[in-house]
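Each chain is listed here by its residues.
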Amino acid sequence: ALVTGGACGAFQAFSLFVKAKEVPAAARCPAGGEGVRWRCCRQAFEELSGIHRHVALQHGGDIGQQAEPTAELAAAEVSPSSGPVPAGNADGLNGRSRSSPEVSCTLPDTSHISYDDLTSKVGEVLLYYCYCEVKDPEKLCAWQKALCQHLHLTGKVRVASEGINGTVGGSKVATNLYIEVMLSQPLFKDILCQEDFKSSAGGSHCFPDLRVGVFKEIVPMGIDPKIVSYKETGIHLSPQEFHTEVEQYLSQASQGQSDTILLDCRNFYESKIGHFQGCLAPDIRKFSYFPSYVDENLELFKDKRVLMYCTGGIRCERGSAYLRSKAVCREVYQLKGGIHKYLEEFPDGFYRGKLFVFDDRYAICSNEDIISACRYCGTLWDQYKLCSSQHCRQLVLTCPSCRNKGLTACCPVCQEKELTVTSGASGQTLKEECECTRSRPRVPIERVSQRTLDAGK
């Protein structure tokens, strides 16, 4: 069965690749003949045998990449009679239940789209997530991999039993098709909608490759989703409602009368280059530290109204659920759609500076404010680069003038090591602690009284 599935996967991948190279009928020879029927690598092909030969010789690697997820899809759809059904899956291998629709493995028809349009460098980056019950994460993962490769998308997609979280880049034609297919997926019906996709200028070049995988959580908080569920989330506020709340909070805080905390759920390097005015931005390095941060600062949140926000909203879903589970806050609210959606409506609102994004762009801009500084000379600067020491690779803010002087590391310790690589027996680069990581506490403890005094600044 595995051999047959692999062969079928390879054949289907080959067919899909050839299909994507077809010239639309309207663009063929107008004199009545077939003329050029396929184009690939700036070559034209009139005979099927010609395009088959070319693809077999020149694109074997591409076919191999596409064959793997296609074979996985074929294996996922094998009938229950071909093997034992895992315990708890009484409805078959796909794990289908009445409360969770089966994953559709359909790929869109791209025969009417030219290869150049489908792979254009001018495009966008999509950011989205969908919390829902997924009975067969492996099958959803295989379909996502096949779909993204079919549309020449790059990026990162996390799949889990609690849903899907993705950021992908490609041509405008490809991303539009991706959204269309995602909205037609039965699994996401009546849950995912058009406005759940946040977009920004970019393309496939914004990511080094495509990574699709199955994980325990679609956003890594480090808490079992069964213990802290997205179903226990805070109250969602639209960008307009959130804007009004922040406006009221800043007005009250300036008079020392606020009972509200405006909480940034992101990492320190994100809030460093952009954040809402008057926010509390924890000095944490990763979201998995957020639960410990809450635990260590419960007194800070006692009897408070909390307004939470993050990049696209997903971290607030689990973060607000965790905060609510502690039963110390009076109310917990979160910004629906995150900063992304807020900036679409209020590009010059209460969020100042850049919005950090997890791709090769590092940040996107909605206003001209620069709120961070060069690590070395202190001049205003907010464009991240990777630390030049390969054992570290942290993000560093160093202006062009300082970079020209050779100051390209995140701290003096890394600067001394420069490009020295520390390798283990496996040959892989090992990450080491430097001045930055040693000096930053894993979980900072806030001074409640001082934070209250500074709230309106």
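Residues numbered from 1 in each chain as written. Predicted model: local features only at pLDDT ≥ 70, side-chain atom pairs only at ≥ 80, totals over all residues. Heavy atoms only, no water.

Caption draft 1: A look at the overall build of the protein chain. When helices and strands are tallied, the protein chain shows 16 helices and 17 strands. A burial count over the protein chain gives 50% of its 457 residues as buried. Counting only carbon and sulfur atoms, one obtains 51% of the accessible surface of the protein chain, whose full area is about 22,300 Å². (Helix = DSSP H or I, 4+ residues; strand = E, 2+ residues; numbered from the N terminus. Buried < 20%, exposed > 50% of the residue type's maximum accessible area, 1.4 Å probe, protein only. Areas by Shrake-Rupley, 256 points an atom, 1.4 Å probe, with all protein chains shown as cover.)

Caption draft 2: Here's a closer look at the side chain of Asn165. Here Asn165 lies in strand S5 (residues 163-171). A relative accessible area of 15% places Asn165 in the buried class. Within the structure, Asn165 has its side chain in polar contact with the backbone oxygen of Ile218 (distance 2.9 Å). Non-local contacts of Asn165, meaning those with residues more than four positions away in its chain, are made with Tyr128, Tyr129, Lys156, Val157, Arg158, Ile218 and Ile314. (Polar contact = N/O pair within 3.5 Å; in protein donor to acceptor, adjacent residues only side chain to side chain. Contact = heavy atoms within 4.5 Å.)

Caption draft 3: Molecular detail of the pattern of salt bridges. With the rule as written, the count across this model stands at 19 salt bridges. Across the pair Arg305 and Glu245 runs a salt bridge, and its minimum N-O distance is 3.1 Å. Of this pair, Arg305 sits in strand S11 (residues 305-309) while Glu245 sits in helix H7 (residues 239-253), placing them 60 residues apart in sequence. According to the relative accessible area criterion, Arg305 is buried, its value standing at 14%. Relative accessible area serves as the criterion here: at 17%, Glu245 is assigned to the buried category. For the salt bridge of Arg361 with Asp359, the shortest nitrogen-to-oxygen distance reads 2.8 Å. One continuous salt-bridge network, built from bridges that share partners, spans Glu162, Glu217 and Arg318. (Salt bridge = Lys/Arg side-chain N within 4 Å of Asp/Glu carboxyl O.)

Caption draft 4: Looking closely at the confidence of the model for the protein chain. On average, residues of the protein chain score 83 in pLDDT, and 78% of them reach the 70 mark or higher. Taken as a whole, residues 76-98 scores under 50 in pLDDT and shows 22 contacts with residues more than four places along the chain or in a different chain. In this model, residues 421-430 is a region of pLDDT below 50 whose contacts with residues beyond four sequence positions or in other chains number 13 contacts. (pLDDT = per-residue confidence, 0-100.)

Caption draft 5: The arrangement of the sheet that holds strand S7 (residues 210-214) in detail. A sheet is described by the order of its strands in space; here five strands give the open sequence S6-S3-S5-S4-S7, paired in mixed fashion. Of all strands in the sheet, those with a lone pairing partner are strand S6 (198-202) and S7, marking the two edges. Pairwise comparison of adjacent strand axes, ignoring direction, gives a mean angle of 10° for this sheet. Contacts from helix H5 (residues 137-150) reach strand S3 (123-131), strand S4 (154-160), S5 and S7, with the element oriented near 170° to S7. The sheet strands contacting helix H11 (residues 314-325) are S3 and S5, and the helix crosses S3 at an angle near 25°. (Pairing = 2+ DSSP bridges. Axes fitted to C-alpha atoms, helices over the stretch in contact; angles between N-to-C directions.)

Caption draft 6: Just the layout of surface pockets, in detail. By volume, the second largest pocket amounts to about 490 Å³. Surrounding the second largest pocket, 21 residues form its lining, Tyr129, Asp196, His236, Lys336 and Gly337 being those nearest its centre. Taken together, the elements giving at least two residues each to the lining of the second largest pocket come down to S3 and helix H12 (338-345). (1 Å grid on protein atoms, 1.4 Å probe; cavity = no way out; pocket = protein on both sides within 12 Å on 5 of 7 lines; lining within 4 Å. Points joined across faces, edges and corners; volume = space filled by probe spheres on them.)

Caption draft 7: Local environment of unusual backbone geometry. Residue His152 is not a glycine yet carries a positive backbone phi of 60°. Among the secondary structure elements, His152 is positioned in the loop between H5 and S4. With a phi close to 65°, Asp190 is a non-glycine residue in the positive phi region.

Caption draft 8: Broad picture of H12. For H12, a buried count of six out of eight residues is recorded, marking the element as mostly surrounded by other parts of the structure. By the burial criterion, the buried members of H12 are Gly338, Ile339, His340, Lys341, Tyr342 and Leu343.

Caption draft 9: Summary view of the pairing of S3. Across the nine residues of S3, eight count as buried, placing the element largely inside the fold. Looking at chain direction, S3 and S5 are connected through nine bridges and run antiparallel. Each bridged residue has a counterpart across the sheet, and for Glu124 the counterpart in S5 is Gly170. Relative to S6, S3 runs antiparallel, the two sharing five bridges. Looking at S6, one finds that Val125 is bridged to Ser200.

Caption draft 10: Looking closely at the packing of H7 against H12. One way to put it is that H7 packs onto H12 with a least axis distance of 9 Å and a crossing angle of 90°. Classed by the angle they form, the pair H7 and H12 counts as roughly perpendicular. In this structure, H7 contributes Pro239, Gln240 and His243 to the contact, and H12 contributes Lys341, Tyr342 and Glu345. In the contact of H7 with H12, the residues fall into two nonpolar, two polar and two charged. (Parallel < 35°, antiparallel > 145°, perpendicular 65-115°, else oblique. Nonpolar A, V, L, I, M, F, W, Y, C, P; charged D, E, K, R; others polar.)

Caption draft 11: Structural view of the packing of H5 against helix H6 (residues 172-184). At a closest axis distance of 11 Å, the pairing of H5 and H6 adopts a crossing angle of 155°. With respect to H6, the axis of H5 lies roughly antiparallel. Read as a crossing pair, H5 and H6 show a hand that is right-handed. Contacts from Trp143, Gln144, Leu147 and Cys148 of H5 reach H6 at Tyr178, Val181 and Met182. Partitioned by chemical class, the residues of the contact of H5 with H6 number six nonpolar, one polar and no charged. (Left-handed = near helix turned anticlockwise from the far one by under 90°.)

Caption draft 12: Representation of the sheet that holds strand S8 (residues 235-237). Ordered by their spatial adjacency, four strands build an open sheet running S8-S12-S11-S9, and the pairing between neighbours is parallel. Lying at the two open borders of the sheet, with one neighbouring strand each, are S8 and strand S9 (260-264). Pairs of neighbouring strands in the sheet enclose a mean axial angle of 25°, with direction left out of account. Note: S9 against S11, five bridges, orientation parallel. When the sheet's bridge partners are listed, Asp264 is paired in S11 with Tyr309. Of the strands in this sheet, S8, S9, S11 and strand S12 (331-335) are in contact with H7, which crosses S11 at around 130°.

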